[in-house]
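In case you want the letters, here they are:
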Amino acid sequence: MDILAQLNPAQKQAVEAINGPVLILAGPGSGKTRVITHRIAYLIKVVGVNPRRILAVTFTNKAAREMEARLNRLVSGSVQDLTLGTFHAICARILRQDGRAIGIDPKFVIYDDDDQISLLKKSLQELDLDPKQYAPRAIQSAITAAKSQMIGPADYLLHGRSYFEEIVARVYEKYEALLKASSALDFDDLLMKAVQLFRQNPEILARYQSRYLHIQVDEFQDTNLVQYELMKQLAGKHRNICVVGDPDQSIYSWRSADLRNILNFEKDYPDAKIVLLEQNYRSTRMILDAASSVISANKQRKPKDLWTENEPGVPCAVIETYSGEEEAQYVVGEIDNLVRRGEAKPGDCAVMYRTNAQSRLLEEAFIRYGMPYKLVAGTRFYERREVKDIIAYLRLVQNSSDTVSLMRIINVPQRGIGQRSLDELTAWARSQSVPEYRALQLLAESKGSAADLPFSQRTVKALAGFAVMMEKLVEKSRVLNMVELFDLVVEISGYKQYLAGLMDGEERWENVLELRGVAQDYRDRPSGEGLSAFLEGVALVSDVDSLDEKIDAVTLITLHQAKGLEFPVVFMVGMEDGILPHFKSIDDPGQLEEERRLCYVGITRAEKRVYLVRAFRRQLMGSSAVNRPSRFLEDIPSRLTTSQSVWESEDAWDSSAAPAQKPFAPPADIPEFRPGDHVRHEQFGEGVVVSYQKTRADAEVVVAFDGAGVKRLLLSFAKIEKV
DNA sequence: CGAAAGGCTCTTTTT
DNA sequence: GAGCCTTTCG
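This structure is a prediction, so every number in the text was calculated from the model and none was measured. (Residues numbered from 1 in each chain as written. Chains lettered and ligands numbered in written order. Predicted model: local features only at pLDDT ≥ 70, side-chain atom pairs only at ≥ 80, totals over all residues. Heavy atoms only, no water.)

Further remarks concern the sheet that holds strand β19 (residues 641–645). What the seven strands build is an open sheet, ordered β13-β14-β12-β15-β16-β11-β19; its pairing is parallel. Every interior strand has two partners, whereas the edge strands, β13 (373–375) and β19, have only one. Averaged over neighbouring strand pairs, the angle between their axes works out to 20° when direction is ignored. Pairing of strand β12 (residues 349–353) with strand β14 (residues 554–558), which is carried by four bridges, proceeds in the parallel orientation. Looking at the pairing, A350 lines up with T555 of β14. Strands in contact with helix α13 (residues 285–295) are β11 (316–321) and β16 (606–615); relative to β16, the strand with the most contacts, it is inclined by about 50°. The strands that helix α15 (residues 359–369) touches are β12, β13 and β14; relative to β13, the one it contacts most, it runs at about 155°. (Pairing = 2+ DSSP bridges. Helix = DSSP H or I, 4+ residues; strand = E, 2+ residues; numbered from the N terminus. Axes fitted to C-alpha atoms, helices over the stretch in contact; angles between N-to-C directions. Contact = heavy atoms within 4.5 Å.)

What follows is the structure, encoded as structure tokens:
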């Protein structure tokens, strides 16, 4: 196959420019992913570069997987030798490998947002500061911002000007000490420490530099300063670095993404070749024109000429409904219409919104209507309590210094270890200057002869019991595979029984089973390695990673998550001032421009149809508010739109009433299953039915597949047959 | 010690 | 309206 054959001249140029720095400015739908994959394929197949010597950075794990799949079609085999992943995943790998050089325990755990907050609260406590006066969230964002500029606690103190910053500096210092004591790194550390490692150890850097002959960075407009620094370090020797981005799609400045990276790239690499991809293959001309008219209202931008040979298509539908409920109902009803007319399948449609909170109304409408949907975040699987609990057990098995995990689960399920006992434990551990976990071990050893300890007999027993259980897990973890270890944890921690006694226990148990499905992917690895790979995997997933295109259901997704995706039909809801643009951004011109880019990203996801939907009034934070139409709507010339008002009524929609229109038509015969039935699915293979539940228009079945883990499937769309 | 109830605050986007 | 914290009672 000729790799260059199906590319336009600009794309071809981008693929062939393999020597030296390259900056590709790629408009939406311009075949960016195509260019990246073809470039890598070209390097491997035509130039003969060993895949081991190529590094490709993506924004999400999903993008990485997709790229891998596409590459496999272009150059079969050898793709697994590529280094491919997110900045965070790649840095984690580097630090496990070489972090020792700067004092990082190779068994470090990765702390997510939640863990960070817990640790910050603990820091405040130890410093005798009031968490009400100094909101952990605020401190966290200050620390994140500092870390993305590689400012450590000591530097922060020097920079600190306000009183708040002084406080932050103190907390920052304490927080770092606690991280260190827990052998933990937060997300920002992964990046920052990698840069630090390379700065302080030129010989280690040299190794990576020589290895990576070619470096490729996607979504460059959303990188921050540390990421850029890291990239520069790695490209230091060969200078074959290719970055792809679109300033108009920069929507992560709040996560310290810095558009200056694009400008600096041209400065740091004056010989950079710049390629513009301006032909759009995705959208109709109407959609592209509407998007262009929105984005051109931004002042801070280089004008760009996007064009397309696609047909004009239909105008964007601008819809006004009465309330948030009616908005959701309109969306479902309209999708139903499209499906009935044969214009689209549910899986062709996406509903996009600014804030996660907006998904609830939509979800309710989809459920009521019996329309299949998949929610991309919202559920936040890895943030669920039961999921985090089980992961905390496993983390503690791997790394006994992990205090945050220890404190999380020491009394879950209840073991009679209350707050007071914990305070005593912390105090005693400190007085003995040992970590909490070690203190537990000491207690377990001295059981009985512990008259001088500041604990009651009962407390000692409870604490020691926990320590003994954990020790058993640690011991077994050396011989068990990941699934066996998982099962053992759930069993001897008493977690299974604990859930069984809870009201929503069944639902939460299903989540535990789903996590077990993830563990199955690591079953075949050697014991210790399986555990650390599993923990790393679950620490660095993003919500879009779980999006499954193969399921024919409407996608519910935030505008941020939608970046990089495309759908034939896009509904953007909440097109109101205060929502998009968000009220927090309205007063700041810079932030307002980012909101506009967000709007642009949304519109440009669409291939055939765009609906811009708003509600006349809606419930916001409890009370009802009347919002003006989004100012971004004014930027779209009327020749590109059709407007319609579809008020159902002035009364709030009675949610208990039957749907106003006929429900989405399910296939006439829905097969029935029972738990325990053996079934086969065309993608997932064989498995056993865990549960079966009829809904109004469909049925949902949960199956534990032998290979693919536990899946929740809608029978009207998934093809399942009894074995 | 733990469960339940009541009161408080904040809601943007996420690797 | 949800989640988090504190208080209160058993």
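From this point on, the discussion continues.
With that settled, consider the side chain of D258. Following the sequence through the fold, D258 ends up in the loop between β7 (241–245) and α12 (260–268). Ignoring anything within four residues of it in the chain, the contact list for D258 reads T223, N224 and L225.

A word on the pattern of salt bridges. Side chains carrying opposite charge are able to pair once their charged atoms draw close together. Tallying each qualifying case throughout the model produces 42 salt bridges. A salt bridge links E229 to R199, with the nearest nitrogen and oxygen atoms 3.8 Å apart. With E229 in helix α11 (residues 225–234) and R199 in helix α9 (residues 187–200), this residue pair connects regions lying 30 residues apart in the sequence. For R395, the salt bridge is made with D402, and the minimal N-O distance between the two is 3.8 Å. Judged by its relative accessible area of 9%, R395 is buried. Residue D402 is classed as buried on the basis of its relative accessible area, which comes to 0%. When salt bridges that share partners are traced, they join D112, D114, D115, K388, R395 and D402 into one network. (Salt bridge = Lys/Arg side-chain N within 4 Å of Asp/Glu carboxyl O. Buried < 20%, exposed > 50% of the residue type's maximum accessible area, 1.4 Å probe, protein only.)

With that out of the way, let us pick up the nonpolar core. Formed by 52 residues in total, the largest nonpolar core has its most connected members in L394, I410, L425, F466, M470, L515 and F534. A total of nine residues in this core trace back to one element, the largest contributor, which is helix α20 (residues 457–476). The contact partners of L515, leaving out residues within four places of it in the chain, are F381, Y382, V387, I390, I391, F486, F534 and V538. One finds F87, L197, V226 and A235 within the second-largest nonpolar core, a separate group that totals 45 residues. (Core = buried A, V, L, I, M, F, W, Y, C linked by side-chain atoms within 4.5 Å.)

Here we come to helix α10 (residues 202–211). Because each turn of an α-helix spans 3.6 residues, side chains separated by three or four positions end up pointing in the same direction. For α10, every residue scored as buried is listed here: I204, L205, Y208 and Q209. For α10, the angular spread of buried residues about the axis comes to 135°, placing them on one side. Looking at the buried residues of α10, the elements they touch are α4 (87–98), α9 and α11. (Arc of directions from axis to C-beta.)

Next up on the list: a nonpolar patch on the surface. Residues F583, L620 and M621 make up a contiguous nonpolar surface patch of about 330 Å² in total accessible area. Inspection of the secondary structure assignment puts L620 in strand β17 (residues 617–620). (Patch = residues over 30% accessible without salt bridge, like charges linked within 9 Å, V, L, I, M, F, W, Y side chains within 5 Å. Areas by Shrake-Rupley, 256 points an atom, 1.4 Å probe, with all protein chains shown as cover.)

Let us now look at the pairing of β12. Counted residue by residue, β12 has five buried out of five residues, so it is predominantly covered. Side-chain alternation along β12 places C349, V351 and Y353 on one buried face and A350 and M352 on a second face that is also buried. Pairing analysis gives four bridges linking β12 to strand β15 (residues 567–572), with the strands arranged parallel. Note that in β15 the partner of C349 across the bridge is V569.

Here the focus is the confidence of the model for chain A. Averaged over chain A, the pLDDT score is 85; the fraction of residues at 70 or greater is 90%. Counting interchain partners and residues more than four positions distant, the pLDDT-below-50 stretch residues 650–669 has 32 contacts. (pLDDT = per-residue confidence, 0-100.)

Turning our attention to the packing of helix α21 (residues 482–492) against helix α23 (residues 505–520). Here α21 crosses α23 at 155°, and the two axes come no closer than 8 Å. The orientation of α21 relative to α23 falls into the category roughly antiparallel. Seen from above, α21 lies across α23 with right-handed handedness. On the side of α21, the interface is formed by M482, V483, F486, D487 and V490, while α23 contributes W509, V512, L515, R516, A519 and Q520. Of the residues belonging to the contact of α21 with α23, the class tally is eight nonpolar, one polar and two charged. (Parallel < 35°, antiparallel > 145°, perpendicular 65-115°, else oblique. Left-handed = near helix turned anticlockwise from the far one by under 90°. Nonpolar A, V, L, I, M, F, W, Y, C, P; charged D, E, K, R; others polar.)

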